[in-house]
Amino acid sequence: MTVLLLIGTAKGLFLARRDRVGDAWQLSVPQFPMTGVYAVGVDTRRATPRLLAAVDSSHFGPSVATSDDLGVCWREPDHAPLAFPRDTDVALSRVWALQPGSAAEPDVVWAGTQPSALFRSTNGGLTYELVRSLWDHPHRTEWGEGFGGQAIHTILPHPTDPQRVLVAMSTGGVYRTTDGGETWHPSNSGIRVSFLPDPFPEFGQCVHKVARDGEDPERLYLQNHHGVYRSDDDGQTWSSIADSLPSDFGFAMVAHPRRGGTAWNFPITADALRFPVDAKCRVFRTTDAGKTWTPQAYGLPTAPFYPSVLRDAMCVDNNDPVGVYFGSRTGEVFASADEGDSWALVAAHLPDVLSVRAVRI
C-alpha cells in the first residue's frame, strides 16, 4: 500500500512516496521553494485525503495552501485565508499547527498560530476565523514567548465529543474547552516549570507537544520543557512518566493511532545542550503508557549524531503495522515500517526539517 510522506522544511515542501515496504522512496522536487513550511496536515475524512501546508514566505507572508490531488496541484488563495481581525491590532507571524476536526464535524479544520491564537475553519481549511473566546482570555497578555516564538502548536479535538478541544502553547501551557469553545480553562495541574519561582503555576508552562492515546481518548502524553507527563483524565491532571527516559527534555511526542499505551519520544540532553543524549540517534517507545521506555535505534546512524528533532518533525501513519517517521535539523528523514523496530533513510541533505505527516493512500 502506497504511503505518502509530507516533509515541511525551511526551504519548501517535499513529498516522498513508497508503494511497498522495501521499495525505495521517491522524492519530489521542492514545492513552495524558499518558503518555510512549519506545519503540514492530512485530512483523511475525504475520499481522497486533503493535504494542507502552512507556508511562510519572507516576501508574501504566511498562508495556508491545500491540495485535493495528493500534491499534484495546490490551491493558494489570492487573499490570506487566515488573518487577525483589524480590531486586534495584531499581525499574523506564522501558522504552527493544522489539525482536522473530529469525524462529527467533517468540514472543521483548526489552525494554531504565532502569536498564540486558535483559528477555526468550517470549509475544510480554505478560510479561517479567529476563536475570540481564547484570544480574549484574561491570561493571554501574560502568555510568554519560548525560544521558537509564542505559538499554539498542539490542537487535539476529542475524537467522540466535538465540544471538547485541548490546545497547548509555548509558553502558556495547556488549555481546554468542554463547551465547544465558549470558555477555556488552564489545565496544567502537575506540570512543573523549571524557569519560574513558582514551579507549579496555574499557567505559564512551556509545553512542547501533546499526543492523544489511540485507544483511550482520555489519556494524553506530554513533552514539556524538562518533563514528560501523562494524563488519564483528558488533561485535567498530569503525572511524570520520565523515569526510564535518559532525559526529560525534548520536543516530539507521538502516539500509536490504535494501540493503547504506545507512544514515541526523541529525548534531547537538556535545554542548554540541545543534542541527542550521548550523541546517539535513538527513538524511545513505550508500550505501557510511560511506565517504561525502550530505545529503538536499529538502522539509525551509529556515528555521533548531534541534530535535534523538532516538535512537529515526528509522526505516525495509519498503516498496520504503524509506520513511524522523523526528520532532523540537518535534513535527514528516517522511516520505520514496523513501529520503530527498524529504520531506513528516506532522504538526506534536505533543508532543516520542520514538520512531517504521513498517510496511507
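Residues numbered from 1 in each chain as written. Predicted model: local features only at pLDDT ≥ 70, side-chain atom pairs only at ≥ 80, totals over all residues. Heavy atoms only, no water.

A. Spatial organisation of the overall build of the protein. Within the protein, the regular secondary structure consists of one helix and 28 strands. In terms of overall size, the protein behaves like a compact globule, its C-alpha atoms giving a radius of gyration of 19 Å where 361 residues would be expected to give roughly 21 Å. Going through the 361 residues of the protein one by one, you find that 59% of them count as buried. Residue pairs in contact within the protein that sit at least 24 positions apart in sequence constitute 50% of those at least 6 positions apart. Only carbon and sulfur atoms are counted for the fraction: they give 50% of the accessible area of the protein, which is about 14,700 Å². (Helix = DSSP H or I, 4+ residues; strand = E, 2+ residues; numbered from the N terminus. Rg over C-alpha atoms; globule rule 2.2 N^0.38 Å. Buried < 20%, exposed > 50% of the residue type's maximum accessible area, 1.4 Å probe, protein only. Contact = heavy atoms within 4.5 Å. Areas by Shrake-Rupley, 256 points an atom, 1.4 Å probe, with all protein chains shown as cover.)

B. Structural detail: the pairing of strand β16 (residues 220-224). Counted residue by residue, β16 has five buried out of five residues, so it is predominantly covered. Residues L220, L222 and N224 line one face of β16 and the alternating positions Y221 and Q223 line the opposite face, and both faces are buried. Taken together, the five bridges between strand β15 (residues 207-212) and β16 define a ladder with antiparallel strand orientation. The partner of A211 across the bridge, within β16, is Y221. With five bridges connecting them, β16 and strand β17 (residues 227-231) associate as antiparallel partners. Across the sheet, residue L220 finds its bridge partner in β17, namely S231. Between the antiparallel neighbours β16 and β17 lie two residues, among them H226 with a positive phi of about 65 degrees. (Pairing = 2+ DSSP bridges.)

C. Structural detail: the layout of surface pockets. Approximately 1,300 Å³ is the volume attributed to the largest pocket. Lining the largest pocket are 45 residues, with Q99, P100, L156, P257 and V316 positioned closest to its centre. Elements represented by at least two residues in the lining of the largest pocket include exactly β4 (36-43), β7 (94-100), β11 (151-157), β15, β19 (249-255), β24 (314-316) and β28 (353-360). In terms of residue class, the lining of the largest pocket is built from 24 nonpolar, 10 polar and 11 charged. The wall of the second largest pocket is formed by 22 residues, among which F147, G148, F251, L310 and R329 lie closest to the centre. Broken down by class, the residue content of the lining of the second largest pocket amounts to 10 nonpolar, seven polar and five charged. (1 Å grid on protein atoms, 1.4 Å probe; cavity = no way out; pocket = protein on both sides within 12 Å on 5 of 7 lines; lining within 4 Å. Points joined across faces, edges and corners; volume = space filled by probe spheres on them. Nonpolar A, V, L, I, M, F, W, Y, C, P; charged D, E, K, R; others polar.)

D. Just the pattern of salt bridges, in detail. Under the defined criterion, the tally for this structure stands at 22 salt bridges. Note that R176 and D234 form a salt bridge whose closest N and O atoms lie 3.4 Å from each other. Placement of the pair is R176 in strand β13 (residues 173-177) and D234 in the loop between β17 and β18 (239-240), with a sequence separation of 58 residues. With respect to class, R176 is no different from D234; both count as buried. Of the charged contacts, one joins D341 and R285 as a salt bridge, the two residues approaching to 3.4 Å between their closest N and O atoms. Of this pair, D341 sits in the loop between β26 (333-336) and β27 (344-347) while R285 sits in strand β22 (residues 283-286), and the two are 56 residues apart along the sequence. Several salt bridges converge on common partners, so that one network encompasses D161, R164, R176, R212, E218 and D234. (Salt bridge = Lys/Arg side-chain N within 4 Å of Asp/Glu carboxyl O.)

E. A look at a nonpolar patch on the surface. A surface patch of nonpolar side chains, about 290 Å² in accessible area, is lined by L273, F275 and Y306. Along the chain, the position of L273 falls in strand β21 (residues 273-276). (Patch = residues over 30% accessible without salt bridge, like charges linked within 9 Å, V, L, I, M, F, W, Y side chains within 5 Å.)

F. Here's a closer look at the sheet that holds strand β3 (residues 26-27). Sheet architecture is open: four strands sit in the order β3-β2-β1-β28, paired in antiparallel fashion. The open sheet has two edge strands with one neighbour each: β3 and β28. Bridge analysis of strand β1 (residues 3-9) against strand β2 (residues 12-18) gives seven bridges, and the strand direction is antiparallel. Residue L6 lies in a different strand from β2, and its bridge partner there is L15.

G. Looking closely at the pairing of β13. Taken across its five residues, β13 has five buried, putting it largely inside the fold. Two strands pair when backbone bridges link them, and strand β12 (residues 165-170) and β13 are joined in this way by five bridges, in the antiparallel orientation. Across the sheet, L166 pairs through a bridge with R176, a residue of β13. Between β12 and β13, which pair antiparallel one after the other, the connecting turn spans two residues, and G172 there sits at a positive phi close to 150 degrees.

H. Up close: the sheet that holds β13. Ordered in space as β11-β12-β13-β14, the four strands form an open sheet in which the pairing is antiparallel. Only two strands of the sheet have a single partner each, and these edge strands are β11 and β14 (185-186). The pairing of β13 with β14 spans two bridges and is antiparallel. Following the sheet pairing, R176 is matched in β14 by H185.

I. Representation of the nonpolar core. Ranked by internal contacts, the top residues of the largest apolar core, which has 41 residues, are L5, I7, F266 and F326. Sequence-distant contacts of F266, that is, excluding residues within four places in its chain, are made with G250, A252, P276, C281, R282, V283, F305, V309, M314 and F326. (Core = buried A, V, L, I, M, F, W, Y, C linked by side-chain atoms within 4.5 Å.)

J. Here's a closer look at the packing of aromatic side chains. Counted according to the given criterion, the structure contains 11 aromatic pairs. Ring geometry for W25 and Y325: centres 6.2 Å apart, planes at 85 degrees, overall edge-to-face. Of this pair, W25 sits in the loop between β2 and β3 while Y325 is found in strand β25 (residues 324-327), placing the two residues 300 residues apart along the sequence. With relative accessibility at 14%, the residue W25 sits in the buried group. Considering the side-chain rings of F32 and W74, the 5.2 Å spacing of their centres and the 70 degrees angle between planes classify their relative orientation as edge-to-face. A residue pair is termed long-range when its members are at least 10 positions apart, and F32 in the loop between β3 and β4 and W74 in the loop between β6 (61-67) and β7 qualify at 42 residues. (Phe/Tyr/Trp six-rings, centres within 6.5 Å; stacked < 30°, edge-to-face > 60°.)

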